[in-house]
Amino acid sequence: MFVASMVSALALATSAYADIKIAHVYGKTGPYEAYAKQSHDGLMLGLEYATGGTMEIDGEKIVVIEKDTQLKPENGKALLEEAYGDDEVDLAIGPVSSGVALAMLPVAEEYEKLLIVEPAVADSITGKNWNRYIFRTGRNSSQDAVANAIALAGENVHIATLAQDYAFGRDGIAAFREALEGAGSGIVHEEYAPTDTTDFTASAERIFNAMKDLDGEKRLFIIWAGGGNPMSKVQAMDPSRFGIEIATGGNILAALKAYKAFPGMEGATYYYYDIPKNDVNDWLVATHQDRFGTPPDFFTAGGMAAGMAVVEAIKKAGSTETDALIEAMEGMEWMTPKGMMKFRADDHQAMQSMYHFKIKVDDSVEWAIPELVRELTIDDLPIPVRNK
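In this report, the structure presented in the accompanying data block is examined. (Residues numbered from 1 in each chain as written. Predicted model: local features only at pLDDT ≥ 70, side-chain atom pairs only at ≥ 80, totals over all residues. Heavy atoms only, no water.)

**A word on the overall build of the protein chain**
Step number 1: In terms of regular secondary structure, the protein chain is built from twelve helices and 16 strands.
Step number 2: Here the protein chain has a C-alpha radius of gyration of 22 Å; the compact-globule value for 388 residues is 21 Å, and the two agree.
Step number 3: Taking the principal axes of the C-alpha coordinates as reference, the protein chain spans close to 85 × 40 × 35 Å.
Step number 4: When each of the 388 residues of the protein chain is scored for burial, the buried share is 54%.
Step number 5: Across the protein chain, the fraction of contacts at a sequence separation of at least 24, relative to all contacts at a separation of at least 6, is 68%.
Step number 6: Looking at the protein chain as shown, the accessible area adds up to about 16000 Å², and 49% of this sits on carbon and sulfur atoms. (Helix = DSSP H or I, 4+ residues; strand = E, 2+ residues; numbered from the N terminus. Rg over C-alpha atoms; globule rule 2.2 N^0.38 Å. Buried < 20%, exposed > 50% of the residue type's maximum accessible area, 1.4 Å probe, protein only. Contact = heavy atoms within 4.5 Å. Areas by Shrake-Rupley, 256 points an atom, 1.4 Å probe, with all protein chains shown as cover.)

**A word on the sheet that holds strand 9 (residues 217-223)**
Step number 1: With respect to topology, four strands assemble into an open sheet ordered 8-7-9-10, the strand pairing being parallel. The open sheet is flanked by strand 8 (187-193) and strand 10 (244-248), the only strands paired with a single partner. In this sheet, neighbouring strand axes are inclined to one another by 20° on average, regardless of whether the strands run parallel or antiparallel.
Step number 2: Running at roughly 160° to strand 9, helix 5 (residues 141-152) makes contact with strand 7 (157-164), strand 9 and strand 10 of the sheet.
Step number 3: Here helix 6 (residues 167-182) sits on the sheet and contacts strand 7, strand 8 and strand 9; the angle it forms with strand 8, its principal contact strand, is near 175°. (Pairing = 2+ DSSP bridges. Axes fitted to C-alpha atoms, helices over the stretch in contact; angles between N-to-C directions.)

**Details of the pattern of salt bridges**
Note on pairing: side chains with opposite charge can pair once their charged atoms come close.
Step number 1: Applying the stated rule across the entire model yields 20 salt bridges.
Step number 2: The salt bridge involving Asp 41 is made with Lys 37; its shortest N-O contact spans 2.6 Å. Residue Asp 41 and its partner Lys 37 are located together in helix 2 (residues 33-50), separated by four residues, close to a single helical turn.
Step number 3: Under the relative-accessibility criterion, Asp 41 is labelled buried at 16%.
Step number 4: On the accessibility criterion, Lys 37 (48% relative accessible area) is partly exposed.
Step number 5: The salt bridge partner of Asp 380 is Arg 374, with a shortest N-O separation of 3.3 Å.
Step number 6: Classification of Asp 380 by relative accessible area gives partly exposed; the value is 26%.
Step number 7: Sharing partners across several salt bridges, the network here consists of Lys 67, Glu 82 and Asp 87. (Salt bridge = Lys/Arg side-chain N within 4 Å of Asp/Glu carboxyl O.)

**Here's the deal with the nonpolar core**
Step number 1: Grouped together as the largest cluster of nonpolar side chains are 125 residues, with contacts concentrated most on Leu 115, Phe 176 and Met 329.
Step number 2: When residues no more than four places from it in sequence are discounted, the contact partners of Phe 176 are Ala 145, Asn 148, Ala 149, Leu 152, Ile 159, Thr 161, Ile 187 and Phe 221. (Core = buried A, V, L, I, M, F, W, Y, C linked by side-chain atoms within 4.5 Å.)

**Regarding unusual backbone geometry**
Step number 1: In this structure, the amide linkage connecting Gly 94 to the following residue, Pro 95, adopts the cis form with an omega of -10°.
Step number 2: The residue Pro 95 is located in the loop between strand 4 (91-93) and helix 4 (98-111) in this model.
Step number 3: With an omega dihedral of 5°, the bond running from Glu 118 to Pro 119 counts as a cis peptide bond.
Step number 4: Mapped onto the fold, Pro 119 is located in the loop between strand 5 (114-117) and strand 6 (134-136).
Step number 5: Despite not being glycine, Met 55 shows a phi value in the positive range, around 55°.
Step number 6: Within the fold, Met 55 resides in the loop between helix 2 and strand 2 (56-57).
Step number 7: Even without glycine at this site, Glu 112 takes up a positive phi of about 55°.
Step number 8: With respect to the helices and strands, the residue Glu 112 is situated in the loop between helix 4 and strand 5.

**Some points on the environment of Val 63**
Step number 1: The topology assignment puts Val 63 in strand 3 (residues 60-68).
Step number 2: Put simply, Val 63 and Thr 51 are twelve residues apart on the chain and 13 Å apart in space, counted from C-alpha to C-alpha.

**Side note on helix 2**
Step number 1: Given a rise of 1.5 Å per residue, 18 residues ought to cover 26 Å, and the 26 Å separating the end C-alpha atoms of helix 2 matches this to within 8%.
Step number 2: Where helix 2 is buried, its residues touch strand 1 (20-26), strand 3, strand 4, helix 10 (279-292) and helix 11 (298-317).
Step number 3: Backbone geometry just after helix 2 places Gly 52 at a positive phi near 65°. (Expected span 1.5 Å × (residues − 1).)

**A few points about the packing of aromatic side chains**
Step number 1: Counted under the stated rule, the structure contains 14 aromatic pairs.
Step number 2: Relative to Phe 298, the ring of Tyr 270 has its centre 5.4 Å away and its plane inclined at 55°; by these criteria the two rings are tilted. Of this pair, Tyr 270 sits in the loop between strand 11 (266-269) and helix 10 while Phe 298 sits in helix 11, and the two are 28 residues apart along the sequence. The same class applies to Tyr 270 and to Phe 298, which are both buried.
Step number 3: Taken together through their ring pairs, the aromatic side chains of Tyr 32, Tyr 35, Tyr 270, Phe 298 and Phe 299 make up a single cluster.
Step number 4: Above the ring of Tyr 133, the side-chain terminus of Arg 132 is found at 5.1 Å from the ring centroid.
Step number 5: Sitting above the plane of the Tyr 192 ring, Arg 170 keeps its charged end 3.6 Å from the centroid. (Phe/Tyr/Trp six-rings, centres within 6.5 Å; stacked < 30°, edge-to-face > 60°. Lys NZ or Arg CZ within 6 Å of the ring centre and 35° of its normal.)

Structural measurements only, silent on function.
Written out as structure tokens, the structure is:
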């Protein structure tokens, strides 16, 4: 009996050791819950697609351990420590929030384990707070900013901004300001509001006062994540009486419903399911529609890109050992629903296409349609390296 028990325990230990363990550390509950669900669904679909449905790499089973940060930086830090230490995961993916991500970055360095950031956006993640164990499949603030600057800037175009007062908003506007200067333009007024703001009257009045006497085109560019998006509330204050148009980047399908009030609005987006034309996206759209009854969304594509990156890296490295993975991933190219992505060796940021859109309203579709104006490829987007 003792021998049998020992053999059984050894078999279990060997099986556990052979598993490829991934922690998904993300905000399952809280204001970004919709983003989180999309990200996790996408991750699992990406692992499925890249392994041909086996959920194995070279015969080793992939095990995904979920941990909920509840969007609290201290939780993200503690849960990542738990994943690397107690759970002995090979690598981690997440989180949703940039503030949580910044708390998690030093943990990856301390444990010398990979953290693939998806979908947190702040530039500082692959900028001033970066370390060699950080890779990001999601886009960064500069990719949003440069793409939107290309879409919105022009001769005699005046732009003001409204953003959330935390890392996502501050980094986003800083990158947008820099991108506009490179396009020969600038920001005439910056406005920041707490993430839980519900009354934007004072912010809007300051913006209107800064822009009302300017000649030329006037655009208010809004960067906002989660609930409470101020677009409709600011629009209700009639910025058009001062010749001001609202502009913003892409968003999830639920948020695109509000865009129906802005036909013809232009901006740049990370993803919309009907834009990319490739086999991976075709599979994602068809599979997601079949399983969930809806098209894939903004962060579903990002999660899938992360899952596919993990499989490609482990296959390329022939190992889950951290240094081998880093060597394999620096400069690595892999297919995603958005087409080819590439990890830049300097800062491990995924270079990728963005999409200049113009809003089209179709009464038969419940959300506004970001119709493609132009794909902005990797070569079209001069994204600064910010970790030096």
